[in-house]
Amino acid sequence: MRPEAVAEIQRIRKRYPRSRSAVMDALRIAQTEHGGWLPPEAFREVADALDVTPAYCHSIASFYDMYHLEPVGEHLVEVCTNLSCALAGAQAVLDAFASELGVRPGETTEDGGFTLRAVECAGGCGRAPVVVVDHVYHEPVRPEDVAGLVEGLRGE
Amino acid sequence: MASNQTLLTAGTEDRDLTRLEEYRAVGGYEALAKARALEPQAVMDEITAATLRGRGGAGFPMGRKASLLAKDTGRPVYLVVNADESEPGAFKDRDVMRFTPHRLIEGCLITAHGIGSTSVFIYIRGEYLHEFEVTRAALEETRKAGLLAGVTIVLHRGAGAYICGEETALLESLEGSRGQPRPRPPFPPVTGLYDAPTQINNVSTIALVPKVLELGAAEFAKIGVPSAPGTAVFSLSGNVAQPGNYERPLGTTLRELIYDIGGGVANGRELKAVIPGGSSVPVLTPDEIDTPMDYDSIQAAGSFFGSAAIIVVDDRCCMVQLALRAAQFYMHESCGKCTPCRVGTRWLVQLLTRIEAGEAAPTDLELLENVCDRMLGRSLCALGDFAVYPVSSYLRKYRAEFEAHVTGAGCPFVGESSIEGIIAPIAQHAHPVPEVVGG
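Residues numbered from 1 in each chain as written. Chains lettered and ligands numbered in written order. Predicted model: local features only at pLDDT ≥ 70, side-chain atom pairs only at ≥ 80, totals over all residues.

**Q** Describe the sheet that holds strand β1 (residues 75-80) of chain A, naming the residues involved and giving the relevant values.
**A** Hydrogen bonding along the main chain pairs the strands of a sheet, whether they run parallel or antiparallel. Residue and element names in this part refer to chain A. With mixed pairing, four strands are arranged side by side in an open sheet as β2-β1-β3-β4. The two strands at the open ends of the sheet, each matched to only one other strand, are β2 (114-119) and β4 (136-138). Strand after strand, the sheet turns through a mean of 25 degrees between neighbouring axes, direction not considered. In this sheet, strand β3 (residues 131-133) lies alongside β1 in antiparallel orientation, the contact comprising three bridges. Of the residues in β3, the one forming a bridge with V79 is V131. (Pairing = 2+ DSSP bridges. Helix = DSSP H or I, 4+ residues; strand = E, 2+ residues; numbered from the N terminus. Axes fitted to C-alpha atoms, helices over the stretch in contact; angles between N-to-C directions.)

Below is the structure:
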């Protein structure tokens, strides 16, 4: 991690009466520093910054969906498939992404460009189906929108 | 009854209330000034007199909750706002943060004054990045305007876990632990965050507080129904013509919400089922939609108000597939602490999978009921029950459809259900599902 990232963790730590409360933000910062996932050295760095053990950091990271314990693609495409999105046709949207990217849900493209995953309710049920790309909501997304969306991301 | 009166969304029609000056133009932070001129107990008396009930799910009166806070403990008193909205079908709190963050902040400051707290934490679900940024910008404006008056408000981001919407799991998560619920007692008003007395309320409840002070309890109580005054933001989704968030008085019927406000079932289809409070509550059938949406009426009808997230289901949907998809969600989100929930959610998924595949034994429907009975009320938090309510209620109310899956050659929709082949996130993982004994 860059020294600025460590300094940011120390700033966040001061907001709380107990420093462990900063672990979620610290892991989020470490994940960004390491290209979107948490390799073993990220746990050692966060542990050093917060005076805890790497195993404790790993136990937190493995509990929450937004921490990645394996490398992810440059772009993270998340398709909500919970009830409201399913009723609005999310499966066809997920299928369109799978076919456009040539991967199954849960996989990363060979060139490392994209990770596709189905996710649980994203809280956009009123404009379903919801797709979240790199933490930005797109709602609603229709199967016919998928090719253009992917093309735009490839061009970035 | 002033049916068009809005409280949470008031002023958003023609103003950008994310900006302090715009919020002030509609009377923003005047209620805070009013509250700060009062004794703290007088503020809480007003909230109690208004019967402001929790908009997050349980409907517990906010004033009564505050009255349970331990006094003179020598520890700080914390206010924690639950903005971890994750109930499938719910998206009301997101709009509070996105469109009226100052109403939330003002509610925090009034409540903090009322309970004698100078330390507020808002736990925002991790996925709500934009909402976090909007709220953070609003908080910065409030700070610069000198309105915080010594109160600190920390925005704490979650990282993707439905269970953290459960109040004790939220506290664990906020303390930097895995979000697993605590045994109760002790309850949070006595031993909450950092072992100190803690008031926990939902975003939408806290954001209503300024209006309670502005209108006064008597005026507030004229809206809604006597047992549950005020408005709620109803989230319409699923097979409804005009999905979205609609603020209406409590007691508005499901029929009004779905047909008059939501434009009816989409594409002229037939109504098959209504899930009134988010995926965790028992389903209602079309003949039950004259039920008013308030806590007590909906409970009398055998379901729960939940987060007022109304999911409309049309006649193209297979109820076994819908139950399976709901069960997969709760299996994914079970924190694993209590055995009945951890194992039971897996059994529900496995049984429903084989019923849907036409591979179930005739006794599997009884086995499914049996698993539901053995899960209910047997875990530390309500997630174990939430996993049961959709499954047991769909099975009870759409029994013939379940039986057709067992006695026929599988799903009677033969590949034509509206949610056919939907992939749940758990299907991406390699969790082996233990075999159910029997069947």
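**Q** Lay out the domain arrangement of chain B with the relevant residues and their values.
**A** All names here are of chain B. Splitting chain B by domain gives domain 1 (20-222), domain 2 (231-314) and domain 3 (319-428). Look at where the C-alpha atoms of domain 2 and domain 3 centre, and you get two points 22 Å apart. Listed as interface residues are seven residues of domain 2 and, on the opposing side, nine residues of domain 3. Split by residue class, the side of domain 2 that touches domain 3 holds four nonpolar, three polar and no charged. (Domains from an automatic or database assignment. Contact = placed C-beta atoms within 7 Å. Nonpolar A, V, L, I, M, F, W, Y, C, P; charged D, E, K, R; others polar.)

**Q** Lay out the nonpolar core in plain terms, naming residues and giving numbers.
**A** Of all hydrophobic cores here, the largest spans 189 residues; its most connected members are A:L27 and B:A327. For this core, the element with the highest residue contribution is helix α13 (residues 319-333) of chain B, accounting for 10 residues. Leaving out residues up to four positions away in the same chain, A:L27 has contacts with A:L38, A:V46, A:C57, A:I60, A:A61 and A:Y67. (Core = buried A, V, L, I, M, F, W, Y, C linked by C-beta atoms within 7 Å. Buried ≥ 20, exposed ≤ 12 C-beta atoms within 10 Å, placed from the backbone.)

**Q** Please provide a residue-by-residue account of the pairing of strand β2 (residues 119-124) of chain B, values included.
**A** Residue and element names in this part refer to chain B. The buried fraction of β2 amounts to six of the six residues, a majority that puts the element mostly inside the structure. With six bridges connecting them, strand β1 (residues 78-83) and β2 associate as parallel partners. Along β2, the bridge assignment pairs L79 with V120. Relative to strand β3 (residues 152-157), β2 is paired through six bridges, and the arrangement is parallel. Paired with S119 across the bridge in β3 is T152. The handedness of the β2 to β3 crossover, carried by helix α7 (residues 129-144), is right-handed. (Right-handed = clockwise from strand over helix to strand, strands pointing away.)

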